[in-house]
Amino acid sequence: VPISMKYLNDIHEYSSNPKFFKFFEYNFFKTKNETRKYLEKIITTSKKDINQYWAIILKKNKKCIGTICAKNLNKRRKAVEVGYGINPDFWNKGYFSLSLKILIKYLFKKIKIKRIYAKTSIKNRASIKGLKKNGFKIEGKMKSFFKIDSKYIDAILLAKTKQLKA
């Protein structure tokens, strides 16, 4: 579902967990106000046509367990980057793959995207595995791409493409 402030408490629940930020360039949120500011930022960003964020919601209890986004849309190239984050309590339960499959279908069929790509830490084996499981192929390594704490970490660039009819 589209991202909104109604998910603030659920997003803060996992955004205040240091484990969630293991492969991110910024630190966990210590206060709900920090989470609120981040959420306001991505809601505002979603109002632009080059970025869109969605909340990943469990149907049974309406709990937000993560977010997924399509960002940096390049209409001329028909290319877009995907980003995502899942509450660590829900890792390895198939929610990422299910959400990504829905997003891929939407981007290829409705938006007519040709190329979907993702960048992740070379150390984030679970993310790489999940992307590969969903048809993404490794295209290369990006040297010293992420700065986590004071260390530079290489990134892996993965992409999934679709042939479009002219």
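Structural data are supplied above this passage.
Residues numbered from 1 in each chain as written. Predicted model: local features only at pLDDT ≥ 70, side-chain atom pairs only at ≥ 80, totals over all residues. Heavy atoms only, no water.

**Q** Residue-level account of the packing of aromatic side chains, with values.
**A** On inspection of all chains with the given rule, the structure shows 6 aromatic pairs. Between F29 and Y38, the aromatic rings sit 5.6 Å apart at their centres with planes inclined by 40°, giving tilted as the arrangement. Accessibility expressed as a relative area gives 11% for F29, which makes it buried. Here the aromatic rings of F145 and F146 are separated by 4.9 Å at their centres, their planes lie at 90°, and the arrangement is edge-to-face. Residue classification places F146 among the buried positions, given a relative accessible area of 12%. (Phe/Tyr/Trp six-rings, centres within 6.5 Å; stacked < 30°, edge-to-face > 60°. Buried < 20%, exposed > 50% of the residue type's maximum accessible area, 1.4 Å probe, protein only.)

**Q** If you had to explain helix α1 (residues 8-15) to someone new, which residues and values would you point to?
**A** Burial runs high along α1: 6 of the 8 residues are buried. Within the span of α1, buried status applies to L8, D10, I11, H12, Y14 and S15. Where the residues of α1 are buried, they touch α2 (32-45) and β2 (64-74). (Helix = DSSP H or I, 4+ residues; strand = E, 2+ residues; numbered from the N terminus. Contact = heavy atoms within 4.5 Å.)

**Q** Could you give an account of the packing of helix α3 (residues 95-110) against helix α4 (residues 125-133), naming the residues involved and the relevant values?
**A** Axis separation between α3 and α4 bottoms out at 10 Å; the angle between their running directions is 45°. In terms of axis orientation, α3 runs oblique to α4. Taken as a pair, α3 and α4 cross one another with a handedness that is right-handed. Here α3 contributes F96, S97 and L100 to the contact with α4, which in turn contributes G130, L131 and K133. Considering only residue class, the contact of α3 with α4 consists of 3 nonpolar, 2 polar and 1 charged. (Axes fitted to C-alpha atoms, helices over the stretch in contact; angles between N-to-C directions. Parallel < 35°, antiparallel > 145°, perpendicular 65-115°, else oblique. Left-handed = near helix turned anticlockwise from the far one by under 90°. Nonpolar A, V, L, I, M, F, W, Y, C, P; charged D, E, K, R; others polar.)

**Q** Got a sec to walk through the sheet that holds strand β5 (residues 137-148)? Specific residues and values, please.
**A** Spatial strand order, β1-β2-β3-β4-β6-β5: 6 strands in an open sheet with mixed pairing. At either end of the open sheet lies a strand with only one pairing partner, and these are β1 (52-57) and β5. Going from strand to strand, the sheet's axes swing by 25° on average, the running direction of each strand aside. As defined by bridge partners, β5 adjoins strand β6 (residues 151-161) across 8 bridges and the pair is classed as antiparallel. Across the sheet, the residue bridging to G140 is L157, located in β6. (Pairing = 2+ DSSP bridges.)

**Q** Run through the side chain of N134, naming residues and quoting values.
**A** Looking at the element boundaries, N134 is found in the loop between α4 and β5. The buried category is assigned to N134, whose relative accessible area is 5%. In this structure the side chain of N134 is engaged in a polar contact, spanning 2.8 Å, whose partner is the backbone oxygen of G130. With residues up to four places along the chain from it excluded, the contact list for N134 reads S97, L100, K101, I104 and K160. (Polar contact = N/O pair within 3.5 Å; in protein donor to acceptor, adjacent residues only side chain to side chain.)

**Q** Can you lay out the environment of G140 for me, pointing to particular residues and giving the numbers?
**A** You can see G140 is positioned in strand β5. Residue G140 is classed as partly exposed on the basis of its relative accessible area of 24%. Measuring from C-alpha to C-alpha, the distance between G140 and Y117 comes to 12 Å, with 23 residues separating the pair along the chain. Residue contacts for G140: discarding those within four places in its chain leaves A155, I156 and L157.

**Q** Got a sec to walk through α4? Specific residues and values, please.
**A** All of the buried residues in α4 are S127, I128, G130 and L131. The buried side chains of α4 occupy one side of the element, clustering within an arc of 165° when seen end-on. Structural note: α4 exposes R125, A126, K129 and K133 on the side pointing more than 90 degrees away from its buried face. Buried residues in α4 make contact with β3 (79-86), α3, β4 (115-121), β5 and β6. Positioned one or two residues after α4, G135 has a phi angle of 90°, which is positive. (Arc of directions from axis to C-beta.)

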